[in-house]
Amino acid sequence: MRKSKLLYKHLKSGFLSLLIGLLATILVLVFLFVSQRATINDKVLLEIKSDLKTYSNEIDNKITGVAKDLLLLEDLFILQSQIDVSGGEIVFSSVEEKDSIENSMIKWISNRSVYDQIRILDLNGNEVIRVNLNNGNPF
């Protein structure tokens, strides 16, 4: 009987040790999981912030491009006072006025190097003024 009590004590002690070891292992695994999860969340948040900044910059650039194009349209409407249409053809009030329009278009295409060329066509589709970007040297 004494042996069975001793055996029972050893089994109880071993079981208790095993249970404590198992709990300690579970706690370590939970801690590792939580810390890894936090690290992954931090990485994902950094990637999201980086992507948002990139997309924000792209949107800003596109809006800037649209604003520049709108300024060109405004300039062209202002220049229309120097252009008359007669019999389907475009007529300039003077050679100086035509040169002024060409110079404005050269300045614009230099600043907005998205377009390869800008043209003014008459009502028949004939080219009246043409400005080429020419690899950054507009003419």
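Quantities reported herein were computed from a predicted structural model and do not represent experimental measurements. (Residues numbered from 1 in each chain as written. Predicted model: local features only at pLDDT ≥ 70, side-chain atom pairs only at ≥ 80, totals over all residues. Heavy atoms only, no water.)

(A) View of the overall build of the chain. Scanning the chain from terminus to terminus reveals two helices and four strands. Reading the helices (α) and strands (β) of the chain from amino to carboxyl end gives α-β-β-α-β-β. For the chain, contacts bridging at least 24 residues in sequence account for 39% of all contacts bridging at least 6. With an accessible surface of roughly 11400 Å², the chain has 61% of that area assigned to carbon and sulfur atoms. (Helix = DSSP H or I, 4+ residues; strand = E, 2+ residues; numbered from the N terminus. Contact = heavy atoms within 4.5 Å. Areas by Shrake-Rupley, 256 points an atom, 1.4 Å probe, with all protein chains shown as cover.)

(B) Layout of the nonpolar core. Among the nonpolar cores identified, the biggest contains 13 residues, and I83, F92, I101, M105, I109, I120 and I129 are the most heavily contacted of them. When residues of this core are traced back to their parent elements, those giving at least two are β2 (89-92), α2 (95-111), β3 (117-121) and β4 (127-132). Here the element with the most residues in this core is α2; it accounts for four residues. Beyond its immediate sequence surroundings of up to four residues, I129 is in contact with F92, K98, I101, E102, M105, I118, R119 and I120. (Core = buried A, V, L, I, M, F, W, Y, C linked by side-chain atoms within 4.5 Å. Buried < 20%, exposed > 50% of the residue type's maximum accessible area, 1.4 Å probe, protein only.)

(C) Inspection of the pairing of β3 at higher detail. Side chains of β3 alternate between two faces, with I118 and I120 buried and Q117, R119 and L121 left unburied. The pairing of β3 with β4 spans five bridges and is classified as antiparallel. What sits directly across from I118, in β4, is V131. Remark: five residues form the turn of the hairpin made by β3 and β4, two consecutive strands paired antiparallel; G125 in that turn has positive phi of roughly 90°. (Pairing = 2+ DSSP bridges.)

(D) Broad picture of the pattern of salt bridges. Summed over all chains, the structure comprises two salt bridges. Where R119 meets E127, a salt bridge forms, and the shortest distance between an N and an O atom there is 3.3 Å. According to the relative accessible area criterion, R119 is partly exposed, its value standing at 42%. Among the residues examined, E127 registers a relative accessible area of 39% and is labelled partly exposed. Ionic pairing is found between E127 and R130, a salt bridge with its closest N-O pair at 3.8 Å. Via salt bridges that share partners, R119, E127 and R130 belong to a single interconnected network. (Salt bridge = Lys/Arg side-chain N within 4 Å of Asp/Glu carboxyl O.)

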